[in-house]
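Descriptive structure summary
Chain residues, written in single-letter form:
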Amino acid sequence: MTELLTAVSIGAGNGSVYALLALGFVIIYKAMSVISFAQPAFMLSGAVLVSHLSPRMGFVAAVVVGTIAIAVVALVVERVAVRPMVGKAVFVIAIITIGIDIVVRVVAGAFVGVDPRTIGDPWGLDVTTIGGVQVQHRHIAAFVVTGLVVALLFAFFRFTRMGLAMRATALDQEAAMAQGVDVGRVFAVSWALAGALAAIAGVFASAGNPIDQNLWIIALTALPVIILGGLDSLGGAVLGGLVIGIVQAVVSTYHSTWFPFLDTNSGAIVPYVLMLLVLLVRPQGLFGTKEVERV
Amino acid sequence: MTATQHEPGRTGRGSDAPASTKPRRRWGRPTLYTSYGQEMALLNTRAKQLGVLAIIAVAAYLPLTLEDDLLALLGTGLVLAVGAIGLNLLIGYAGQVSLGHAFFVGVGAYTAAVLAGDPDGRYLGFGVSEAPVWIVAAGVVAALFGVVVAPLATRLRGLYLAVVTLGLVFIGQYFFAEWREMSGGPGIGRESAVPVVLGNDLTRDGAYTEEQKLFWLFLVVLVIMALLGRNIARSRIGRAFAAVRDRDIAAGVMGVELGRYKLIAFTISSFFAGVCGSLLYVGSGQFSPEQFGLLLSVQFIAMVLIGGVATISGSIMGALLIALLPRLSSELPAFLPFVSSSPTDHPNVFEVEVGLYGALIVAFLLFEPRGLFGIWLRIRTYWKSFPFSY
């Protein structure tokens, strides 16, 4: 039982990271109907930037500055490479974001360096024992911060003018434009938000461990998450992230008892298998809107 | 080809001949077609016929003049071109975005290696050494995997499909790495298939070197596969693909069975990928499961997009460019002094190489959406209408 609860706590921590990343994907998808494959790069660059800033200005300030900086990078990318393509086939824009991802990742990777580099987080691998279950501080922190960010985000969409504009654009781009919504600005804000979320996710994904070049692979796990939750559902992204994180952690923990014939831990592919299973039953994901075909 | 000569007695089609006579080509009017069959012909102008012949002749002559290391690189390009044609049939012609091409290439590579492998060796092997046998077998096995995956594709559209096929790459890589008896495990790998054609081991240097013989083998395979790809594209199947790509609902209304043609597209594309995989590591002699990752898929997409979407010749150009990219970026330090060739300095040639894939994809999509083929079209139009600008 303790083992299971430990796995769930790890899963909730990792799942929070997935949820943050998935939110970024969903926000961009809702605005432009495009999956941005550039999120992994923003996540890696966020972690790398914070690791460079934190020795100089302390961890919290570094996270804030790093997040804002990555949001600005995302803004620039949107303006330079994505905005000229608006109106082209979504597939073309998606492929462009793959290209952007590669370029940004190479640049960020160059700053990782040879020596192990940490983001200077205060948690490390410390644990607290709650009712006999050892819970790592970094996972608690990830969970709490994600909860906070999600609450802020939902409040933003619910109560601000910009949030309203973004919801209107997601519903119907042309109608929103006709009502005076600056759709271009909505695109820009969406990308900035997604970049910021990816940067925060990068911080928590690399907390406690040295940053390595392959950190971005974690961000790809957010793709099954958004498919599971439904491409256009913010709530689905958060829930999907937690579900996939927890299932993954549980399978990793019990791998040797459940699949003794497989040597490599199957935790890494759990999200993708889960995604395939869900898609066989519900092609639009758990909470996504069913696609309506109009002629 | 035979219909191009001038016949003085005739003034117009069917003027004094029965209507069933084959339509003739008018001499001096290379773009005047008098029947659908003429226009859809494989090489529908004299210039194309001569040009393709010349290119094949030059390619066949290349091994005698080029150095072996460059030849090996170009040979890899030819093999990659087979895979790129397959992906172009799927993405360019049928409009189904797949990020899972690397998986099918991997299936092909392992099928070939297992079939041709030494039965008494360290890894699984059946000792079928004849190259044509295992090349076709690799294609067929990969195609079968395509059939298995296709039902998912028929349920999904657009970006959902892209993400699912991305998952395929990760799941595939896991099982390649896991099945150590077959693949040798991550980081170690196994030997690739040894090409034996009619009893001659092509990897042994004889009158010609290994690279020369392999290049000719790859060239023959590419010509066959390119011909196959082109013929599929201009057949009933190819037209159905285009209809599905342009508007799947409209295609369905017109009687194109969507599920069936998506299945065919995946199967054909996987067959090409399998053939590509079977030959891809023949030159290097060794490969490991890590090679079939997301990067390989992205490289194939880059070939298709840089070469030209929905063109066979473009796929070949794109594949050659991507194959030569490592060589080009290794030449960079001579021109750009700030690029280092040591892997510990930044920016180094390896980073530049990877970055170039991304930069080239973005640049081509932004500025030349039709790819290298589009550039060629521009040059052709310029000279065709010379000295006028239109």
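All residue numbers refer to positions counted from 1 along the written sequence of the respective chain. To read the labels, note that chains go from A and ligands from 1, taken in the order they are written. Whole-chain, interface and lining totals are the exception, using all residues; otherwise, since this is a predicted model, local features are given only for residues with pLDDT of at least 70 and side-chain atom pairs are given and counted only at 80 or more.

So, about the overall build of chain B. A run of H or I in DSSP becomes a helix once it reaches four residues, and a run of E becomes a strand once it reaches two; helices and strands are each numbered from the N terminus. The number of helices and strands found in chain B is 15 helices and 4 strands. Atoms counted for the radius of gyration: C-alpha only. Globule rule: 2.2 Å times the number of residues to the power 0.38. Computed over the C-alpha atoms, the radius of gyration of chain B is 23 Å, within 12% of the 21 Å expected from 2.2 N^0.38 for a compact globule of 390 residues. For chain B, the C-alpha atoms occupy an extent of roughly 75 × 50 × 50 Å along the three principal directions. Two residues qualify as a contact pair if the distance between their C-beta atoms, derived from the backbone, is within 7 Å. Within chain B, residue pairs in contact and separated by at least 24 positions form 71% of the contacts whose partners lie at least 6 positions apart.

Broken down by element type, chain A carries 12 helices and 2 strands. Shown N-terminal to C-terminal, the secondary structure of chain A runs as helices and strands in the order α-α-α-α-β-β-α-α-α-α-α-α-α-α. Principal axes of the C-alpha set define a box for chain A whose edges measure 60 × 50 × 35 Å. Residue burial in chain A is summarised as follows: out of 295 residues, 52% are buried. Partitioning the intrachain contacts of chain A with sequence separation of at least 6 by distance along the chain shows that 74% fall at a separation of at least 24. To sort residues by burial, count the other C-beta atoms lying within 10 Å of each one's C-beta; a count of 20 or more means buried, 12 or fewer means exposed, and anything in between means partly exposed. C-beta atoms are built from the backbone.

What follows concerns the pairing of strand β1 (residues 127-130) of chain A. Residues and elements named next belong to chain A. As judged from the 4 bridges shared by β1 and strand β2 (residues 133-136), these two strands associate in the antiparallel manner. Across the sheet, the residue bridging to Val 127 is Gln 136, located in β2. Two strands pair under a simple rule: DSSP has to find at least two bridges between them. In this antiparallel pair of consecutive strands, β1 and β2, the connection spans 2 residues, and Gly 131 shows a positive phi of 55°.

Further remarks concern the nonpolar core. Here, a nonpolar core denotes buried Ala, Val, Leu, Ile, Met, Phe, Trp, Tyr and Cys residues that are linked to one another through C-beta atoms within 7 Å. In this structure, Leu 21, Ala 22 and Met 43 of chain A together with Ile 361 of chain B are the most contacted members of the largest nonpolar core, which totals 225 residues. The element contributing the most residues to this core is helix α1 (residues 2-32) of chain A, with 18 residues. When near neighbours in sequence (up to four residues on either side) are disregarded, Ala 22 of chain A contacts Ala 222, Val 225, Ile 226, Gly 229, Ala 237, Gly 240 and Gly 241 of chain A.

To continue, consider helix α5 (residues 137-159) of chain A. Owing to its 3.6 residues per turn, the α-helix aligns residues three or four sequence positions apart on the same side. All names here are of chain A. Residue count minus one, scaled by 1.5 Å, sets the expected span of a helix. The end-to-end C-alpha distance of α5 is 32 Å, a good match for the 33 Å that 23 residues give at a rise of 1.5 Å each. For α5, the full list of buried residues reads Arg 138, His 139, Ala 142, Phe 143, Thr 146 and Val 150. In this structure, the buried residues of α5 make contact with α1, β2, α8 (183-205) and α11 (234-258).

On the chain B side, the residues contacting the 34 residues of chain A number 34 residues. Secondary structure elements with two or more residues in the side of chain A that touches chain B: α4 (90-110), α10 (222-229) and α12 (270-281) of chain A. The leading source of residues in the side of chain A that touches chain B is α4 of chain A, at 14 residues. Here the residues of the side of chain A that touches chain B sort into 29 nonpolar, 2 polar and 3 charged. Classification convention: Asp, Glu, Lys, Arg as charged; Ala, Val, Leu, Ile, Met, Phe, Trp, Tyr, Cys, Pro as nonpolar; all other residues, Gly among them, as polar.

The next point concerns unusual backbone geometry. A cis amide bond links Phe 386 of chain B to the next residue, Pro 387 of chain B, at an omega of 5°. Tracing the chain through its elements places Pro 387 of chain B in the segment after α15 (371-384). One non-glycine residue, Ser 33 of chain A, adopts positive backbone phi at about 55°. Relative to the assigned elements, Ser 33 of chain A resides in the loop between α1 and α2 (39-57). Classification of Ser 33 of chain A as partly exposed rests on a count of 15 C-beta atoms within 10 Å. Of note, the phi angle at Ala 310 of chain B is positive, near 60°, even though the residue is not glycine. If you trace the backbone, Ala 310 of chain B turns up in the loop between α12 (294-307) and α13 (312-335).

Per-residue confidence from the predictor is reported as pLDDT, a score between 0 and 100. Counting all residues, the mean pLDDT for chain A is 87, and 99% of those residues have values of 70 or more. The lowest-confidence element of chain A is β1 of chain A, averaging 80 in pLDDT; the highest-confidence one is α8 of chain A, averaging 93.

Turning to α4 of chain A, a few remarks are in order. Taking 1.5 Å of rise per residue, the 21 residues of α4 of chain A would be expected to cover 30 Å, and the 30 Å separating its terminal C-alpha atoms lies within 8% of that figure. In terms of burial, α4 of chain A is largely enclosed, as 16 of its 21 residues are buried.

Turning to the environment of Gly 230 of chain A, a few remarks are in order. Residue and element names in this part refer to chain A. Its location among the elements puts Gly 230 in the loop between α10 and α11. Residue Gly 230 is classed as buried on the basis of its C-beta count, with 24 C-beta atoms lying within 10 Å. Measuring from C-alpha to C-alpha, the distance between Gly 230 and Thr 289 comes to 7.2 Å, with 59 residues separating the pair along the chain. Not counting residues within four places of it along the chain, the set of residues in contact with Gly 230 comprises Gly 236, Gln 284, Gly 285, Leu 286, Phe 287 and Gly 288.

Residue and element names in this part refer to chain B. Confidence along chain B averages 84 in pLDDT terms, with 92% of residues attaining 70 or more. Low pLDDT, under 50, characterises residues 1-18; the stretch is placed with 16 contacts to residues that sit more than four places away or in other chains. With a pTM of 0.88, the predicted complex shows an ipTM of 0.87.

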